[in-house]
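For reference, the chains in residue letters:
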Amino acid sequence: MRIAEIHRYPVKSMLGEHLREADLTEQGIAGDRAWALRDEVRGSLTGAKRFPALMSMAARFAEEPDVDNLSPEVRIRHAGGELSSRSGNVDGHLSEVLGHPVSLWPLLPADNLDHYRRTAAPEGTDMESALRALFGRTEDEPLPDVSRFPETLASHETPPGTYFDAYPLLIMTRASLAALADAAARAGMTSVFDMRRFRPNLVVDTAEEGFVENAWIGRTLRIGAAVVKVEMECPRCIMTTHGFADLPRDPKIMRALVQHNGGNLGVYASVSNGAAIREGDDAELID
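This section reports on the structure supplied with the text. (Residues numbered from 1 in each chain as written. Predicted model: local features only at pLDDT ≥ 70, side-chain atom pairs only at ≥ 80, totals over all residues. Heavy atoms only, no water.)

### Quick word on the pairing of strand S8 (residues 74-78)
Point 1. In S8, alternate side chains face the same way, and those of Val-74, Ile-76 and His-78 are buried while those of Arg-75 and Arg-77 on the opposite face are not.
Point 2. For strand S7 (residues 58-61) and S8, the ladder comprises 4 bridges, and the chain directions are antiparallel. Pairing of Ala-59 across the sheet is with Ile-76, part of S8.
Point 3. As judged from the 4 bridges shared by S8 and strand S9 (residues 81-84), these two strands associate in the antiparallel manner. Residue pairing for S9: His-78 is matched across the bridge by Gly-81.
Point 4. The antiparallel pairing of S8 with S9 creates a hairpin that spans 2 residues between the two strands. (Buried < 20%, exposed > 50% of the residue type's maximum accessible area, 1.4 Å probe, protein only. Helix = DSSP H or I, 4+ residues; strand = E, 2+ residues; numbered from the N terminus. Pairing = 2+ DSSP bridges.)

### Overview of the packing of aromatic side chains
Point 1. With the rule as written, the count across this model stands at 2 aromatic pairs.
Point 2. Here the aromatic rings of Tyr-116 and Tyr-163 are separated by 5.8 Å at their centres, their planes lie at 45°, and the arrangement is tilted. On the criterion of sequence distance, the pair formed by Tyr-116 in helix H2 (residues 113-116) and Tyr-163 in the loop between helix H3 (127-135) and strand S11 (169-173) is long-range, its members being 47 residues apart. Just as Tyr-116 is buried, Tyr-163 falls in that class too. (Phe/Tyr/Trp six-rings, centres within 6.5 Å; stacked < 30°, edge-to-face > 60°.)

### So, the packing of helix H4 (residues 174-186) against helix H5 (residues 252-261)
Point 1. Running from amino to carboxyl end, H4 crosses H5 at an angle of 100°, the nearest separation of the two axes being 10 Å. As summarised for this structure, H4 and H5 are arranged roughly perpendicular, according to the angle between their axes. Contacts between H4 and H5 involve Leu-180, Ala-183 and Ala-184 from the first element and Ala-256, Leu-257 and His-260 from the second.
Point 2. Across the contact of H4 with H5, the residue classes tally to 5 nonpolar, 1 polar and no charged. (Axes fitted to C-alpha atoms, helices over the stretch in contact; angles between N-to-C directions. Parallel < 35°, antiparallel > 145°, perpendicular 65-115°, else oblique. Contact = heavy atoms within 4.5 Å. Nonpolar A, V, L, I, M, F, W, Y, C, P; charged D, E, K, R; others polar.)

### Quick word on the pattern of salt bridges
Point 1. Under the defined criterion, the tally for this structure stands at 25 salt bridges.
Point 2. Taking the shortest distance from any N to any O, the salt bridge between Arg-8 and Glu-64 comes out at 2.6 Å. Of this pair, Arg-8 sits in strand S1 (residues 2-8) while Glu-64 sits in the loop between S7 and S8, placing them 56 residues apart in sequence.
Point 3. Given a relative accessible area of 2%, Arg-8 falls into the buried group.
Point 4. Between Glu-141 and Arg-255 there is a salt bridge whose closest N-O contact spans 2.7 Å. Of this pair, Glu-141 sits in the loop between H3 and S11 while Arg-255 sits in helix H5; the two residues are 114 residues apart in sequence, bridging distant segments of the chain. Each member of the pair Glu-141 and Arg-255 is classed as buried.
Point 5. In the salt-bridge network here, residues are joined through shared partners; they are Arg-2, Glu-5, Arg-174 and Asp-205. (Salt bridge = Lys/Arg side-chain N within 4 Å of Asp/Glu carboxyl O.)

### Some details on the nonpolar core
Point 1. Counting residues in each nonpolar core, the largest one holds 33 residues, and the members touching the most others are Val-11, Leu-37, Ile-76, Leu-94 and Leu-104.
Point 2. If you list the elements that add at least two residues to this core, you get strand S5 (35-39), S7, S8, helix H1 (90-98), strand S10 (102-106) and strand S14 (226-235).
Point 3. Of all the elements, H1 adds the most residues to this core, at 3 residues.
Point 4. Residue contacts for Leu-104: discarding those within four places in its chain leaves Val-11, Trp-35, Ala-36, Leu-37, Val-74, Ile-76, Ser-85, Val-90, Asp-91 and Leu-94.
Point 5. Judged by nonpolar contacts, the second largest core, of 24 residues, contains Ile-29, Leu-169, Val-204 and Ala-275. (Core = buried A, V, L, I, M, F, W, Y, C linked by side-chain atoms within 4.5 Å.)

### Here we look at the sheet that holds strand S16 (residues 275-278)
Point 1. Strand order in this open sheet of 3 strands is S4-S3-S16, and the pairing throughout is antiparallel. Two strands bound the open sheet, and with one partner strand each, they are strand S4 (28-29) and S16.
Point 2. Bridge analysis of strand S3 (residues 21-25) against S4 gives 2 bridges, and the strand direction is antiparallel. Looking at the pairing, Thr-25 lines up with Gly-28 of S4.

### Structural notes on the layout of surface pockets
Point 1. Volume-wise, the second largest pocket comes out at about 420 Å³.
Point 2. Forming the boundary of the second largest pocket are 24 residues, of which Thr-25, Ile-29, Ala-30, Gly-31 and Leu-70 lie nearest the centre.
Point 3. Those elements that place two or more of their residues in the lining of the second largest pocket are S3 and S4.
Point 4. Take the lining of the second largest pocket: its biggest share by element is 4 residues, from S3.
Point 5. Looking at the lining of the second largest pocket residue by residue, the classes come out as 11 nonpolar, 6 polar and 7 charged. (1 Å grid on protein atoms, 1.4 Å probe; cavity = no way out; pocket = protein on both sides within 12 Å on 5 of 7 lines; lining within 4 Å. Points joined across faces, edges and corners; volume = space filled by probe spheres on them.)

Right under this line is the structure:
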């Protein structure tokens, strides 16, 4: 196996950057999800699950992050132009574009728990209905087992100190994407299964076919000099169905995911040993 592509997303839920090489740390790829938006009405962190228009925006760093500056200046391109995180009215501009009051935040220390805390659901909210909306599941489709996620996500939008959904890395093989597309085509679906819908950090080429990474759960993967532990399959959410760039909105994406791979695609991983990684690096399971 080898690393075919490396991606990072400077702002949570926005389009990101394709990298030839990157520093892999315990917090994932340096600069990945270094910024996020806060919903100023709900008073909590937010993303494209609530504001799909974020997926049509693209973010890039003005300078590389380092240990002394985890969230350096970021520049955000949208249909109306470009914004900088250093702009005096960046919050106002983003609020205008989204039609809702939001603010842009860098990473804060993990002990600032209120910043990361999940707000209470509105009174009368049915939890099952909320989860079905979040994961894009119909009434006859099973919900993912949310108990498999890190325990802290029961009370926080993201693991404190990060803006990740669950773990620092999302890894996908091209084989699994091809397997999903082939299975959907055989079922008569005409959906476009584009890697951009699934927002991986690392794309892996392998000689195997099928949903290859499903068999990696609990195992250790060496990438160059780095070592990562594969934690769990990635249950996919409504974001995969949103339209952005040249991709149309397509709820059938989720139908295919549920029917052919239990609603999952790719795997979450944590970093046991950080190191510089590059496209073309070998990747091998070492246990």
